[in-house]
Amino acid sequence: MAQYPYIMKDMPVLLHGGDYNPEQWIREKDVIWKQDMEMAVEAGINTLSVGIFAWSMLEPKEGQYDFSWLDEVMEMLAKNGIKAVLATPSGARPPWMAEKYPEVLRVDEKGNRHLFGGRHNHCLTSPVYREKVRAINTLLAQRYKNHPALGLWHVSNEYGGECHCELCQQKFREWLKARYGTIDKLNDDWWNTFWAHRYTSFEEIHSPSPLGENTSHGLKLAWKRFTTQQFIDFYEWEIAPLKEITPDIPCTANLMHIYDGIDYFTFAKHLDVVSWDNYPFWTGDARDRDVVLLSAFKHDLMRGTGGQKPFMLMESSPSAPNWQPINRLRRPGVLMLQGLQAVAHGSDTVQYFQFRKSRGSSEKFHGAVISHDCSKENRIYKEVCDVGEALKTLAPVTGSGTENRIALIYDWENKWILEDAQFGRNEGGKGYTETVLSHYSALLQDHFGVDVIDENGDLSPYSMVCGPMTYMLRDGFAEKVEAFVQNGGVYVATYVSSWVNEEDLCFMGGFPGPLRKVFGLWDEETDALDDTQHNAFTWNGKTYKAKDFCALVHAEGAKVLSEYEENFYASYPALTENAYGEGTCYYIAARTDEDFLMDFYKTAAQKAGVVPNIPASENGVLTTKRIGENGTFLFVMNSLPEEKEAELPEGFELLSGKTIKGETKLSPYQVLVLKI
Amino acid sequence: MAQYPYIMKDMPVLLHGGDYNPEQWIREKDVIWKQDMEMAVEAGINTLSVGIFAWSMLEPKEGQYDFSWLDEVMEMLAKNGIKAVLATPSGARPPWMAEKYPEVLRVDEKGNRHLFGGRHNHCLTSPVYREKVRAINTLLAQRYKNHPALGLWHVSNEYGGECHCELCQQKFREWLKARYGTIDKLNDDWWNTFWAHRYTSFEEIHSPSPLGENTSHGLKLAWKRFTTQQFIDFYEWEIAPLKEITPDIPCTANLMHIYDGIDYFTFAKHLDVVSWDNYPFWTGDARDRDVVLLSAFKHDLMRGTGGQKPFMLMESSPSAPNWQPINRLRRPGVLMLQGLQAVAHGSDTVQYFQFRKSRGSSEKFHGAVISHDCSKENRIYKEVCDVGEALKTLAPVTGSGTENRIALIYDWENKWILEDAQFGRNEGGKGYTETVLSHYSALLQDHFGVDVIDENGDLSPYSMVCGPMTYMLRDGFAEKVEAFVQNGGVYVATYVSSWVNEEDLCFMGGFPGPLRKVFGLWDEETDALDDTQHNAFTWNGKTYKAKDFCALVHAEGAKVLSEYEENFYASYPALTENAYGEGTCYYIAARTDEDFLMDFYKTAAQKAGVVPNIPASENGVLTTKRIGENGTFLFVMNSLPEEKEAELPEGFELLSGKTIKGETKLSPYQVLVLKI
Amino acid sequence: MAQYPYIMKDMPVLLHGGDYNPEQWIREKDVIWKQDMEMAVEAGINTLSVGIFAWSMLEPKEGQYDFSWLDEVMEMLAKNGIKAVLATPSGARPPWMAEKYPEVLRVDEKGNRHLFGGRHNHCLTSPVYREKVRAINTLLAQRYKNHPALGLWHVSNEYGGECHCELCQQKFREWLKARYGTIDKLNDDWWNTFWAHRYTSFEEIHSPSPLGENTSHGLKLAWKRFTTQQFIDFYEWEIAPLKEITPDIPCTANLMHIYDGIDYFTFAKHLDVVSWDNYPFWTGDARDRDVVLLSAFKHDLMRGTGGQKPFMLMESSPSAPNWQPINRLRRPGVLMLQGLQAVAHGSDTVQYFQFRKSRGSSEKFHGAVISHDCSKENRIYKEVCDVGEALKTLAPVTGSGTENRIALIYDWENKWILEDAQFGRNEGGKGYTETVLSHYSALLQDHFGVDVIDENGDLSPYSMVCGPMTYMLRDGFAEKVEAFVQNGGVYVATYVSSWVNEEDLCFMGGFPGPLRKVFGLWDEETDALDDTQHNAFTWNGKTYKAKDFCALVHAEGAKVLSEYEENFYASYPALTENAYGEGTCYYIAARTDEDFLMDFYKTAAQKAGVVPNIPASENGVLTTKRIGENGTFLFVMNSLPEEKEAELPEGFELLSGKTIKGETKLSPYQVLVLKI
């Protein structure tokens, strides 16, 4: 039973709120701010994020600060019992800074220094930019350190991107020197004898560029590792004054789920609490099942980066956003599902972007709690009020944890180097994320709770670990897998696993290299099929499709559970099971459809001794559990716009206040929360 | 009854001709020029455009002018009774100018100064370029001011594009200062507090760039407005010497129908006569109906930019052009239809690009009156001769006008800001032009004549005004609509109307803002559907499809004529009618197919008291009317490669010289011109 | 009967080998090199290409050379009876050179100087680069001139690309001066009066650029011609020391079949032996028929560039490569077919890229003789051994030639200028290569041997010459065609033929210009059809589809064999036959499917007196003949993964050692080699 501290001190409730930009309405504050507060309170909002992108209002000219409006806002929030999620303004710098100090602007991979514009586009190495950020962060912390409204630091916004300026190049070279020591070591690890690429000094190295080196996997992987370190370094720079002046206020930076540019498992270790922004592409039709599965995966992934502790849903859209290819309205009930699904997977907050639609510029039509009509009659506003009510009811859930026995591996570095690799299916990519997601979806639909970890994660708490397409083995991972299986764990491996080491050098002597004994097989070749081609295999009397990748392996001790049925490798193993030590390693030789994975994981979990949350349900009903001091909470969610049935254990349903048991109907998109 | 002056003095006939580049054949002029004249005269050609792109022949080296060949050409034209449409050569500058003065070359949006090449790519701000243009235009006007062949000035060619050089940036900033006065006013109008974008001075502003600011709608709209002003300014600069030296010769610049880069309604006010270039994508099959409808819309749009006066078809291809994705041959009869359709919609000319195919370079395979075979046996040449004959027969039409009672709004600024907006369907764009076109097509197929105007246009002459997707209201437009309906007019509005003001700031307090009373409803939300999704509504017993955009509105006085039948907004209004003052406002809440619009406009026009040109016809037959001193001319056009029937009023058919009445057969692509 | 010298002196056998990079394994040479030699010998490998991309190991720092490892490798090869295909290392320069002399890096068409990276990207004009190449080539030749292992010079690798730096611009201008003499001549030939493009001096000319001139066909054609000359010039520079020091060692540069950037017919005249790299996109299913046909065409094309002499297959992948969109495994037997097909079409070698997979970097998963498992049990290795055996058996084929009576024209300059032209179908291109390939495929499937030549080729050895889409006539080609037909040859022409001269100036007075009498028709217009449209024509009782391009021609003496059946040009000729002198010219007016071409060529070949290799076979069986001192060898190849039958002449099948005759079964992908 895991019970965690509340995210904000003295707030033993689920947080409800959103991004709030009162500074945009300063000329009409008497009307607008007043309305804001009234509607916020009525909607059960207890937190608002302020100061994001406010730099040009906080420091309208260099060195001329104006905190008067923010003082007023903080006061107003305090008066209304609302906590501030106070942002550092580094997400967007004012035009005057770009004009005076062009070095704060990024240089792109083609060497072009950019012009002022947009946001999230500063050189993180620039001493000028760092100095300006340090100064304003310090002033903010000093000014509001004792303010009763201050609840959390929201550091910058959605860190991302990269800069290729000369300052960054130099920092990259220093990072390389620190990692590799000598240029010869780097040349060997990157296999630079190939194509006459041996450098004679670190000074010859330049970041990857379409105008220069763009094929060296070693260089590209190093650049991505460096970029993650750049963000950690900058984040630490940002929070130094905050930590010094307000040591008790937690800091976060809002993440973007599967964003490719940062290894979030590494980055998130530096956050006090993980927070992230969720923007599902709701369809309003049968495709919403997949929308909900994808959100589930992202929630579990984000929780994983924070070590399975409760996290924050920092942004979500109360209505259609404005930037998706097709921005559909959310059907009634979807807002509730969207919010409570976050809680179901471990969030202690439901925050929106944005509280009020701006009147102009590029996000004015992005969904908000308050629309341009400023009306309480607005459908969205009314649904937000309903969510506010529900969250109050669910207060006992706050701080509870999860206790899952299955871990699924999703590893940023493996993704980078696997997707960058040239082999098999290049067209459309290797499909790493989609593959991990397909395993996740099968497990969740089988009603197993899943923890997502990376190769650096601890395997020992789990009964089963699934590692689809772990092409690259980080140092020490093979040893962990071996020990895990040795000690009785069930490990699930697939095609394209264990081919290269942490520097992307192939294992010599036959794949899967160091895991050959654990898998009990030799992986000789891998076929790639195009979208018109497939193979087949039969298991437990059912025939499944093999597609995309088919490994041609030879059992070396493993028991062959099923064989391919077509092509020249008919009779080669398609599925094997290897007893190793006290445990078992399964190997799925080909990519399959969801039907196989759902059937397979029922068997594999049984072997691992893991039981599902509920015995049965119609397709589209998903479940999770949170467990804490106040009990065990079973969340049951209908992901579809139609009625569904599920077989539930007995429990007290918190939202309706009724006891429920057995065969139960869920209305479209309905969420039930059973205390069991 | 509107009768206008002839485009060229003493030319009371429809003009027939095309772009002519005799300078390309100067080494063979004895043979080629002679042949040119003989074949032109035989084809009934009475005008030829000369001097376009002739700069390197007129000023082969800086300051060394050579008009001798042009003297000879002008003389030759005069001798053959052909008027010259004499061009200023600014459409393409000679290499020597780019070499010596790089400032005449454009800088693109990424800041790259271009090299010499192509055409239509000069910096319009460059003092050097302006000086060179002024000098050569002055010399041309002085030399040919009294020449009997001089009929019209063809200023430059197809103005377009934009330059981002430092000179243009500075001019842009001056334009911004003039428009906004203070930087604070600009910051407020562009809602620059968003993303910390408040400028401290105009000097910080840079034109939109993918390397800089590319999301601010205010900046992008301003840049487009400025660009239109740049072209007006440059055009005025070009014509100043022409107007001074040859005050009686009209000036034009050939436009490109729906070209996005210039607000033609604003630009065309500076032209003596509107001229434009029409290049339909003929298919030779059933798709030609839509080809003809699109040309019809463009003709009416271009006529509208000139205040409904007769205009010039300045370019059209006698045969397949060479630049379309698929350049099909035109079936027999298409050339006649292409030319007479222009006349039907108000053109007093049929001009071609080009008179003779060049022997080399990039347009040598573009359709021409004379092909490389130089043969009078060539099919195209013979069809051109037929058109020449027809135009002679139709001389009485010259100068006649149109008298339409329905106006359709197509507004460049609305298009810019709507298509740039982020909401609903971003993928594939908002479909503004396609939507206006669908309304136009429905009206034309219902046999109603249509005037196309923009929001600055006068509504008072009309009985019905249709304003599809008028997302942005220019200053004063709401008042005009209100007065129009108040005074008995029928106004047709749609989804996504009246959301923002002229600066793209949303109307607060509920859409459609200032038109809420006129529409009689509140527009709460708008759903966006993808291409696989749709809704439905039933009206007068027929069920129609709703797609793409579905507004969720609440009637506030309007009578609900039909409701949605699906999704959670089933029972919300899909079509409403609001009595306001003496008039009526219809509101179509969703995008529909053509079938609905054709049915709807029959009803709406009846309400407005407007009757169609002919009672009935098979699909594909279109009609227009021109009315002048010589009578009323009904044009009846078969847009398809198959026989069609139409029910016609009694009239004298000019082309056949026969009287026609009632049920009438039209052969493939046939045009009838009835004097009624 | 043609018998040629062996490629390597004293090697009267087919060569078998591949690219070998022992320098990548220098730290483990004791194990790896030893294994390499053992497995090479066992696989019947008698040649290995070394030194490609070895520059950074040969000259680790500027001027510091290290040949010690290569000495060792050469020694090892000699000891194992393996000949070295010794490379000059210019395919990739070391980083230190780019760092110190940026001029060795290319400037792209937008004017950006590139950074270090990749390979094959040096400025060929750069004096520094030339000096460095000359120095190292000289040292290599001096060091190994008497080495017993030295068999052939492999000059650089896959020359390609282009540089737009100022040095190259200047060289281009000099080339233009040499070609055109005066700027006026150039202006006239490029038709520069169009769009005011007349240059006043050569200094104003810049290479084609998307930022500058990109529409002038004359400029673009000149640039491509110049680029071919650049490669010739550089190649000659590279081989000068080799030729001086080792005059008896032949030199080659590996070509890339239909690579667009170099006119290989012109370039290959400078090679002692043609070599090329073949990477079929094997599918493992019915599409493999087309894969094999395409390879066949490329082999015949490459043989053609070398004047029909035996050539070298320099690279091919023993297994799936790693860079194709989908890299499928090769089914058993495919490797044998891939290798023997090369021999069938005139190759005296089967070489692979690569001998051993590298452990890291971007080609580590490219197919190789030795995989990362280093295992002789590996399927691929075993198949390579089989090929080695087969090649030994086929030693008598070495040096034999081909004796084909049909020539097919494929002309790089025609391709460049035709594909660049603007007319008809621009979308998807004109389809020149696909069209030539379709004629080739029909001929090969009819079992006719084909020589591929360009317009500069000699027509006189042939009985039939096919010239599909010879849009541009090089100087002298019309005269050759006329003489060929006059003297009894059968010439096959198609739509879009003989429109422009060598400078892309249209023939005046009616197409096909100078060939109007030979074709016996006037080509008035050409229709372009989109993919949904087609026409039809009937010949010998069978109806065929006409598509894409339909020429509208008028017979002027030619006999009309078939007419179009649809559209306004129904009854225009679709196929004509013109008796001219002693010969015949066929004209195919429209693009057709393969079925027509196969039927047509049976008739046309009969007219030309050419008989097929075998009387009949099922679809998918292909044949070629090689003829030499040791006899005539009929290669019969099953291109499909299924059993096929063919009617064969009597012969001794070399691979099985059995005599075969008549109806014969071929297993999937099987190759038979009959001595007949």
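Thresholds applied
Residues numbered from 1 in each chain as written. Chains lettered and ligands numbered in written order. Predicted model: local features only at pLDDT ≥ 70, side-chain atom pairs only at ≥ 80, totals over all residues. Contact = placed C-beta atoms within 7 Å. Helix = DSSP H or I, 4+ residues; strand = E, 2+ residues; numbered from the N terminus. Nonpolar A, V, L, I, M, F, W, Y, C, P; charged D, E, K, R; others polar. Least-squares fit on C-alpha atoms with pLDDT ≥ 70 in both. Core = buried A, V, L, I, M, F, W, Y, C linked by C-beta atoms within 7 Å. Buried ≥ 20, exposed ≤ 12 C-beta atoms within 10 Å, placed from the backbone. Pairing = 2+ DSSP bridges. Axes fitted to C-alpha atoms, helices over the stretch in contact; angles between N-to-C directions. Left-handed = near helix turned anticlockwise from the far one by under 90°.

Novice: Which parts of the structure should I look at to understand the interface of chain C and chain A?
Specialist: Accessible area lost on assembly of the parts is the figure often given for the size of an interface. Each partner contributes to the interface: chain C provides 46 residues, whereas chain A provides 41 residues. Listing elements by their share of the side of chain C that touches chain A, those giving two or more residues are α2 (55–58) and α4 (95–100) of chain C. Of the residues that constitute the side of chain C that touches chain A, the class distribution is 20 nonpolar, 15 polar and eleven charged.

Novice: How should the relation of the copies chain B and chain A be read in this particular structure?
Specialist: With an RMSD of 0.0 Å, chain B superimposes on chain A once it is rotated by 120° and translated 0.0 Å along the axis. Viewed as a symmetry operation, the transformation between the two copies matches a three-fold axis. No C-alpha of chain B approaches the rotation axis more nearly than that of Asn 112 of chain B, which lies at 6.2 Å.

Novice: I tried to follow the nonpolar core on my own but got confused; where do I start?
Specialist: Generally speaking, a soluble globular protein has its nonpolar side chains buried in company with each other. Core analysis: the biggest nonpolar cluster contains 651 residues, and Leu 408 of chain A, Leu 408 of chain B together with Leu 408 of chain C have the highest contact counts within it. Considering each element in turn, this core owes the most residues, ten residues, to helix α8 (residues 217–245) of chain B. Residues contacting Leu 408 of chain B, with those up to four places away along its chain left out, are Val 436, His 439, Tyr 440, Leu 443, Val 450, Val 452 and Cys 466 of chain B.

Novice: Would you mind showing me how to read the interface of chain B and chain A here?
Specialist: With 41 residues of chain B at the interface, the matching set in chain A holds 46 residues. Every element with two or more residues in the side of chain B that touches chain A is listed here: α8 and β14 (521–528) of chain B. For the side of chain B that touches chain A, the element with the most residues is β14 of chain B, which contributes four residues. By residue class, the composition of the side of chain B that touches chain A is 15 nonpolar, 16 polar and ten charged.

Novice: Where do I start with the pairing of strand β15 (residues 535–539) of chain B in this structure?
Specialist: Along any regular strand the residues' side chains alternate between the sheet's two faces. Residue and element names in this part refer to chain B. Relative to strand β16 (residues 542–555), β15 runs antiparallel, the two being bridged by five bridges. Among the inter-strand pairings, Ala 536 is bridged to a residue of β16, identified as Lys 545. Linking two consecutive strands that pair antiparallel, namely β15 and β16, is a turn of two residues; a positive phi of about 50° is found at Asn 540 within it.

Novice: Sorry, what's going on with the packing of helix α11 (residues 334–344) of chain B against helix α12 (residues 379–393) of chain B here?
Specialist: When two helices pack together, their arrangement is captured by the angle between the axes and the distance separating the axes. Residues and elements named next belong to chain B. For the pair α11 and α12, the least separation of the axes is 9 Å and the interaxial angle reads 35°. You can see that α11 and α12 cross each other, and the crossing is right-handed. Within the contact between the two elements, α11 uses Leu 335, Met 336, Gly 339 and Leu 340 and α12 uses Glu 383, Val 384, Asp 386, Val 387 and Ala 390. Across the contact of α11 with α12, the residue classes tally to six nonpolar, one polar and two charged.

Novice: Help me understand the sheet that holds strand β4 (residues 150–154) of chain A, please; the structure alone is not making it clear to me.
Specialist: Hydrogen bonds along the backbone pair up the strands of a sheet, which may run parallel or antiparallel. All names here are of chain A. What the nine strands build is an open sheet, ordered β5-β4-β3-β2-β1-β9-β8-β7-β6; its pairing is parallel. Of all the strands in the sheet, just β5 (251–252) and β6 (254–255) have a single pairing partner and so form its edges. Where strand β8 (residues 311–316) meets strand β9 (residues 347–352), two bridges bridge the pair, whose relative direction is parallel. Note on β9: the bridge partner recorded for Leu 313 is Val 350.

Novice: Help me understand the sheet that holds strand β11 (residues 450–453) of chain A, please; the structure alone is not making it clear to me.
Specialist: Residues and elements named next belong to chain A. Ordered in space as β11-β10-β12-β13-β19-β18-β17, the seven strands form an open sheet in which the pairing is mixed. Looking at which strands have only one partner, the edges of the open sheet turn out to be β11 and β17 (559–563). For this sheet, the mean inter-axis angle between neighbouring strands, taken without regard to orientation, is 20°. Bridge analysis of strand β13 (residues 490–494) against strand β19 (residues 583–588) gives five bridges, and the strand direction is parallel. Within β19, the position partnered with Tyr 491 by the bridge is Cys 585.

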